[in-house]
Amino acid sequence: MVAWAYDNKFVLVKHVFDGKTEWISVNTANKSEVKNVSVSLGVDAVDVQFSRNDANTFYLLTANGEVRRANIDQRSLSGPLLREVDNFSLYAGSTIAYATKPDANGVRSVGYLTADAKAPRVVEHFNDAVDIPLRIVINKYYGRHYFVVAKGKDVTILTSELPASDMADPALFKKLTSLTLEDTVKWVGFSPDDHRFIYAQGENGLMVYDLDMSQAFHPVIAGATEPIEWVDQFHFTAATGGELKIYDFDGTNSHVMMDRAASGTSSLLSNGKYLYGLQRDAANGTVHLSRATMTVE
């Protein structure tokens, strides 16, 4: 399972078999409603993301580096919105933040494309990142937009307005801070709800930056094979060494919630009473859903 749609009803499943990948949308409220995005649209996609506005609308990154918009009910596929893209993320449902592949001169760029715009806007160019992982994410915290650019081990946080990407007026990107992680950044993003915290994570390093306090924290989480999972605005979980642990945003006050953790995937019930996660049965290796009580009664 890759992601929930924003209506909390559909879930996106990535199915890998025989060297092939297909993407499937499943209605959890109606098990008979299963839609194979790859087959219906006839497209070879390396990444698929739900639109925030409609669970039947997706943004796809094709195997040849094109970002397209698709509607599974209408079986429609747009022309290329962006080309030569290495990876992308979505902000506010329809703004695409992207990092490109190297061009003929070895130059890469990060930028964004707003909905219905005729052209993207480049945030920054790089001529030293041909073989270095490059990512960008965008979000909003208390009326200000933040752009987080991760290049290798380096993380730069910028702030700016978010004008339409094809506007002639230049956007003024102000650098808030630059930080360095212990190893190459594999995952980068924001905490949920008000998006106060920015995180950047590698296999053996994690940085959490507090936009309120203008302070960076470096929780010790080694051997991660998955990104941390935010369970609310101030706490996240991570699975390392076979244990699912919960942490405060700065990495303190950690507690083991489950042993034999099969995944870092977790979910906190809205009343804060139970934490759900996946455990592996020691006897036969099967995986089952488990529940941990957050308070001792």
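Just above, that's the structure.
Residues numbered from 1 in each chain as written. Predicted model: local features only at pLDDT ≥ 70, side-chain atom pairs only at ≥ 80, totals over all residues. Heavy atoms only, no water.

**Q** Can you break down the pattern of salt bridges residue by residue, with the values?
**A** If you walk through the whole model with that rule in mind, you get 10 salt bridges. Its salt-bridge partner being Asp 73, residue Lys 35 comes within 2.7 Å of it at the nearest N-O pair. Of this pair, Lys 35 sits in strand β4 (residues 34-36) while Asp 73 sits in the loop between β7 (67-71) and β8 (76-77), and the two are 38 residues apart along the sequence. For Asp 73, a relative accessible area of 48% translates into the label partly exposed. Note that Arg 83 and Glu 66 form a salt bridge whose closest N and O atoms lie 3.1 Å from each other. One end of the pair, Arg 83, is in the loop between β8 and β9 (85-91); the other, Glu 66, is in the loop between β6 (57-62) and β7, with 17 residues separating them in the sequence. A single network of salt bridges, built from pairs that share partners, joins Glu 33, Lys 35 and Asp 73. (Salt bridge = Lys/Arg side-chain N within 4 Å of Asp/Glu carboxyl O. Helix = DSSP H or I, 4+ residues; strand = E, 2+ residues; numbered from the N terminus. Buried < 20%, exposed > 50% of the residue type's maximum accessible area, 1.4 Å probe, protein only.)

**Q** Please provide a residue-by-residue account of the pairing of strand β22 (residues 235-240), values included.
**A** Residues in a regular strand project their side chains so that they alternate between the two faces of the sheet. By the bridge criterion, two bridges tie strand β21 (residues 229-230) to β22 in an arrangement that is antiparallel. Looking at the pairing, Trp 230 lines up with Phe 236 of β22. In sequence, β21 turns back onto β22 through a hairpin of four residues. Note: β22 against strand β23 (residues 243-248), six bridges, orientation antiparallel. The partner of Ala 239 across the bridge, within β23, is Leu 244. Connecting β22 to the antiparallel partner β23 that follows it, the hairpin turn spans two residues, and Gly 241 within it adopts a positive phi of roughly 60°. (Pairing = 2+ DSSP bridges.)

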